[in-house]
Amino acid sequence: MRRPHPHRRARKARARRARLLAAVLTALASVVLALSPPDPEARAAAKAAANLITNPGLENLAADGFPTCFEKSGYGDNDHTFTVTGAAGAHSGGHAVELTITRIASGDRKMMMLENQCAPAVVPDHQYDLSAWYRTTSPNTVVTLFRHDAAGGWTWWTDLKTLPVTDGYERAEVRTPPVPAGTDRITWGITLYGTGTLATDDYAMTDATVPGPEEPSCAPEDTSLACDGRWTVLDMPSPVRAIHAVLLNNGKVLLIAGSGNDRDAFQAGTFKTTVFDPATDTFTDVPTPDDFFCAGHTQLPDGRVLVMGGNKDYAAPDGSISYKGLKTSYVFDPATNRYTRTNDMIAGHWYPSATAMGNGDITSFGGLDETANGTVINERFHQATGAWKGCCEKQTWSFWGLYPAMILLQDGRLFYTGSHVFGVGLPGSGASLYDYDTGTITDVPGLRRKDERDESMSVLLPPAQDQRVLTVGGGNHTITENAHRLTDLIDLKSDDPGYVPGPDLPHGHYEDGTAQKGEEGKVYVSTVILPDGKVLETGGALHTYREKPVFEASLFNPVTGAFEPGLATDPVPRTYHSSSLLLPDGRVLSVGNNPGDGSFDRRISIYEPPYLFRGARPRITSAASGEWAYGSTQRITVDKPVVKASLIRPAAVTHSSDPNQRYVDLPMTVVDGNTLDLNLTSNPNLAPPGWYMLSVVGADGVPSASRWVHIGGETAATAHTQPFADDPSAAPHAKKQRRAKAVTLGEGYDGCDHTYGRAGQCVPWTFPRGVARTHRCEWLLVRGYGAMKTHGRDRHRLDRNRDGTACGRGD
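Attention in this report is confined to the structure presented alongside it. What you are looking at is a predicted structure, and each value in this text was computed from that prediction instead of being measured. (Residues numbered from 1 in each chain as written. Predicted model: local features only at pLDDT ≥ 70, side-chain atom pairs only at ≥ 80, totals over all residues. Heavy atoms only, no water.)

Following the criterion strictly, the structure yields 33 salt bridges and no others. Between E519 and R449 there is a salt bridge, with its nearest N and O atoms 2.9 Å apart. Taken together, the residues E519 in the loop between β33 (500-501) and β34 (526-529) and R449 in the loop between β29 (440-443) and β30 (457-460) connect sequence positions 70 residues apart. You can call R449 partly exposed: its relative accessible area is 31%. The residue E520 makes a salt bridge to K517 at a minimum N-O spacing of 3.7 Å. Connected through shared salt-bridge partners, E215, K534, E564 and R614 make up one network. (Salt bridge = Lys/Arg side-chain N within 4 Å of Asp/Glu carboxyl O. Helix = DSSP H or I, 4+ residues; strand = E, 2+ residues; numbered from the N terminus. Buried < 20%, exposed > 50% of the residue type's maximum accessible area, 1.4 Å probe, protein only.)

With the rule as written, the count across this model stands at three disulfides. The residue that forms a disulfide with C218 is C227, at a sulfur-sulfur distance of 2.0 Å. Taking the torsion about the S-S bond as the criterion, the C218 to C227 disulfide, at about -90 degrees, is left-handed. A relative accessible area of 36% places C218 in the partly exposed class. (Disulfide = S-S within 2.5 Å.)

Among the structural elements, S590 can be located in strand β39 (residues 588-591). Apart from residues no more than four positions distant in its own chain, S590 is found in contact with W231, D570, R574, S579, S580, R603, I604 and S605. (Contact = heavy atoms within 4.5 Å.)

Here the focus is the pairing of strand β24 (residues 379-382). Two elements, strand β23 (residues 362-364) and β24, share three bridges in a ladder whose sense is antiparallel. Note on β24: the bridge partner recorded for S364 is E379. As paired elements, β24 and strand β25 (residues 387-388) share two bridges and run antiparallel to each other. Looking at β25, one finds that F381 is bridged to W388. Taking the residues between adjacent antiparallel strands as the criterion, β24 and β25 are bridged by four residues, where G386 takes a positive phi near 70 degrees. (Pairing = 2+ DSSP bridges.)

Moving on: a positive patch on the surface. On the surface, a cluster of positive charge is contributed by R773, R797, R800 and R802. With respect to the helices and strands, R797 occurs in the loop between β53 (788-789) and β54 (805-806). (Patch = residues over 30% accessible without salt bridge, like charges linked within 9 Å, V, L, I, M, F, W, Y side chains within 5 Å. Areas by Shrake-Rupley, 256 points an atom, 1.4 Å probe, with all protein chains shown as cover. Lys, Arg positive; Asp, Glu negative; His and termini not counted. Charge placed at Lys NZ, Arg CZ, Asp CG, Glu CD.)

On to the sheet that holds β33, then. The four strands lie next to each other as β30-β31-β32-β33, forming an open sheet whose pairing is antiparallel. Of all strands in the sheet, those bounded by a partner on one side alone are β30 and β33. Two elements, strand β31 (residues 468-472) and strand β32 (residues 487-491), share five bridges in a ladder whose sense is antiparallel. By the bridge assignment, L470 is partnered in β32 with L489.

Looking now at the packing of aromatic side chains. Enumeration over the complete set of coordinates arrives at 26 aromatic pairs. Each ring, one from F415 and one from Y499, has its centre 6.0 Å from the other, and the planes form 40 degrees; the classification is tilted. Residue F415 is located in strand β27 (residues 414-416), and its partner Y499 is located in the loop between β32 and β33; the two are separated by 84 residues in the primary sequence. Of the two residues, F415 and Y499, both sit in the buried class. Pairwise contacts between aromatic rings join F266, F271, F293, Y314, Y323, W350, Y351, Y403, F422, Y524 and Y576 into one cluster. One residue, R380, lies across the ring of Y436, its end atom 4.5 Å from the ring centre. One residue, K548, lies across the ring of Y510, its end atom 4.6 Å from the ring centre. (Phe/Tyr/Trp six-rings, centres within 6.5 Å; stacked < 30°, edge-to-face > 60°. Lys NZ or Arg CZ within 6 Å of the ring centre and 35° of its normal.)

Distances and angles like these do not, on their own, reveal function.
Here you go:
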């Protein structure tokens, strides 16, 4: 067989390649024309990147007449229609989809991509630019994003952007947050959750990830500042015993002592507060009108601080009666450094909670009342009138414990995490969902050792839109001597939410250098949300009776669900009455330590996290506005590319409790280079009104210093919530509540040493003056205590012959 000439073969090959290339170019051109709107501005915006959407122009219709790879989605009680338009109603091509809601009692409707192979595949840690052309007559219109977790299935991810009303077609564009680990596909679309008409067309999705510096990983043996960070103890101690710490919207820190757990100061009427300025390391003392020792507190929407309750009287020296709660309330104004009294609460509260609600009100639960009993009275501060609502407030007549951690969820309910102070957990599973409007309480399962969550801490993990809570550590020395190292996680977006085991707390060491082992963990632990989206945990002790400090600090990474251990540790013990909080410049402040001998360490420590040693920080060079309305888009400029932006609510912490701490993600759109549009949620339950710290983060994980912004202005949109969790009408406690009497608690909140005798017995933490050490058993026997088993440490030396029985024969 004769072969073609080599040159002829080459020419034919070149011709074939040319025809193939021409065909490819023609096909690509047709695809680009089909995917891109016809106007030059939109074509330029598309940047010729690969569009990951199937049927983006809605031109291909299925047998039912609806665009292939899209669906009619939504839920709730509403009247709605989906209509496929002709060319006259489209942005381009021959079709668009109109969604109309004429009546809505609940829920929403969505024009969404199908949750199957039509859903675009994504890569974890990548970010994607989403865009669509739309017109809407309703301000209640948002871009909604769902993700598919390889293990957990499909779940709502976040609402990315609220879209303004427009008569003609406008292009909506927004960038996703980094895709979480384990996510393989996403779907998204535009949601209507109010009456009106929405039309959508010409969808696009492109990978916006630009390779850049990555966050470094640290080996266990690496002790560099970029891996461990650095602690510094300030030369000048606090002039007050800092029982409470609140970050103010001027960057200063309110440190409240009241009587400071000092009975002599209480008797003398010596109550203290100071304002610490971390920029100058100076203090300003503040006249303090009442004993705010163990009060509740949080920021109001205008930046002032509401301080509720406190200490009416100390526990009896013999332990026969516990502390008594005040019902007075004050507002602290950072502009004047002065307290102003409000009206009184219904009841006294010592150790009350304080949770900011989506409308700016403050709810308060739990604590001890004016008779030293556990109060079952709920309180609500009405921010519009500046007063407690008083007699007409809704009540559950349930006792919630002391400093119960009550976290506001996206649908307006409160989640009691199981974290509390002193005593066992609440009846039932130890955690619950509380719907204030309906009065229903629903138990949530899964919390391990629910009666050993004294002085644990719970945190709504970044970002708040994920609705996940981490509960860390805890103990109860009436049950077991040592604190445990358990953590538990809950995803409240689940249809049936329950705690699941999290990673154990990393081990630390004690003052003598001895390493922790086995189940040894921490109480009095602090958790602090950082601007890079991780959570610092620091401080704590092995025993709930204020001894055996633990030196250990780590970062919890919500993306990986793991701790990054081995950070530098605070050289100051941080046990009972200690607090930690984030400063606007990205550092962390730690204060307080109240050992069992009654002393108080007033030294202040400052932690510089590893990100402060990893190169130049991005800067927010300008912000168009400092007042942000819900659902609004806010423009800022930065000095270098960044991958995410967030708002962090300033801390108000005491006793390992700050239920209002939260990190709110701000989906962004890159407008031009370093000019960004940030999109604030339309849901005030995700970000209750008030002052927040705005920061941005580079691809290397290094955050900017924060800029203060105030959110909560007027907006036409209403809150968009998602239908998660249980049906409140089926709640096991959802029956008509009748008024109950105050709960009589076991003796000895703070005034008792429960390392002796039965759980209900109360040996005084401090014996009355005049009772010699050698006469303590005699003093107890006269009062009917009898011989008592010892549990662990014998700090009063009541078991002199060391036979395991205190005040027995031979003692």
